[in-house]
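What the coordinates show
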Amino acid sequence: MKINITVNGAEQAVDVADNALLSDVLRDALGLTGTHIGCDTSQCGACTVHLDGRSVKSCTILAGQADGGEVTTIEGIANGEELHPMQVAFRANHALQCGFCTPGMIMSAIDLVASSDEPLNAEQVREGLEGNICRCTGYHNIVKAVLDAQANM
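Scope of this entry: the structure provided in the associated data block. From a predicted model like this one, the values you see are computed outputs, not experimental measurements.

**Quick notes on the packing of helix H2 (residues 85-92) against helix H3 (residues 102-114)**
For the pair H2 and H3, the least separation of the axes is 10 Å and the interaxial angle reads 125 degrees. Classified by the interaxial angle, the pair formed by H2 and H3 is oblique. For the element pair H2 and H3, the recorded crossing hand is right-handed. Where H2 abuts H3, its residues Met-86, Gln-87 and Phe-90 lie against Thr-102, Met-105, Ile-106, Ala-109, Ile-110 and Val-113. Counted by class, the contact of H2 with H3 contains 7 nonpolar, 2 polar and no charged residues.

**Some words on unusual backbone geometry**
A positive phi is found at Ser-42, a non-glycine position, where the angle reads about 70 degrees. Its place among the elements puts Ser-42 in the loop between helix H1 (22-29) and strand S3 (48-51). Positive phi, close to 55 degrees, is recorded for Asp-52, a residue that is not glycine. One can find Asp-52 in the loop between S3 and strand S4 (54-57).

**What to know about the sheet that holds strand S2 (residues 10-15)**
Strand order in this open sheet of 5 strands is S2-S1-S5-S3-S4, and the pairing throughout is mixed. Taken across any chain shown, the strands that pair with only one partner, and hence form the sheet edges, are S2 and S4. Between one strand axis and the next, the sheet turns through 40 degrees on average, direction left out of account. Here S3 runs beside S4; their pairing, made up of 4 bridges, is antiparallel. Residue pairing in the sheet places Thr-48 in a bridge with Lys-57 of S4. Running at roughly 40 degrees to S3, H3 makes contact with S3, S4 and strand S5 (70-72) of the sheet.

**Details of the nonpolar core**
For soluble globular proteins, the rule of thumb is that nonpolar side chains tend to be buried together. Core analysis: the largest hydrophobic core is formed by 23 residues, its most contacted members being Met-86, Phe-90, Met-105, Ile-106, Leu-129, Ile-142 and Val-146. If you list the elements that add at least two residues to this core, you get H2, H3 and helix H5 (140-150). If you tally residues by element for this core, the top one is H3, at 7 residues. Setting aside residues no more than four positions away along its own chain, Ile-142 makes contact with Phe-90, Ala-95, Met-105, Leu-129, Cys-134 and Thr-137. Counting 17 residues, the second-largest nonpolar core is a separate cluster that includes Ile-5, Leu-26, Ile-61 and Ala-63.

Calculation rules
- Residues numbered from 1 in each chain as written.
- Predicted model: local features only at pLDDT ≥ 70, side-chain atom pairs only at ≥ 80, totals over all residues.
- Heavy atoms only, no water.
- Axes fitted to C-alpha atoms, helices over the stretch in contact; angles between N-to-C directions.
- Helix = DSSP H or I, 4+ residues; strand = E, 2+ residues; numbered from the N terminus.
- Parallel < 35°, antiparallel > 145°, perpendicular 65-115°, else oblique.
- Left-handed = near helix turned anticlockwise from the far one by under 90°.
- Contact = heavy atoms within 4.5 Å.
- Nonpolar A, V, L, I, M, F, W, Y, C, P; charged D, E, K, R; others polar.
- Pairing = 2+ DSSP bridges.
- Core = buried A, V, L, I, M, F, W, Y, C linked by side-chain atoms within 4.5 Å.
- Buried < 20%, exposed > 50% of the residue type's maximum accessible area, 1.4 Å probe, protein only.

Put into structure tokens, the structure is as follows:
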């Protein structure tokens with residue numbers, strides 16, 4: 001089947017199998033390898049992208065479900081050379097180690113902050129990022145980064 005999706009602002013027409021996952025289409029067909037595959041079971045959150053403005057785990061979304069939709073990946077959040085405020089905060093607060101979970105963590109954190117009507121506290125950030133697993137950090141600096149970034153978003 002052919003799907004039409006807008007990915008990082010560019011319209012794409014992609015031939016996909018009926019059972020193709022959005023994560024596989026992004027990585028294999030479009031070469032956007034910032035969307036990481038960590039578990040294939042929706043447990044780790046490394047594959048998180050935005051679909052129509054909301055964070056989703058792309059390993060559990062069929063590509064056909066995204067037909068006509070707008071997808072933003074980690075590669076699409078910067079404004080040219082200017083990093084997104086969440087990326088800046090992750091770097092400034094040393095909120096990563098190996099970096100494998102970082103794209104999904106950032107995408108989830110952006111949605112978490114954007115969908116909150118009031119400033120978040122540390123407990124709310126920890127709860128909001130529950131579906132994203134980092135095997136390297138103790139999450140302390142990730143939480144600091146999200147709290148830091150929300151002031152600039």
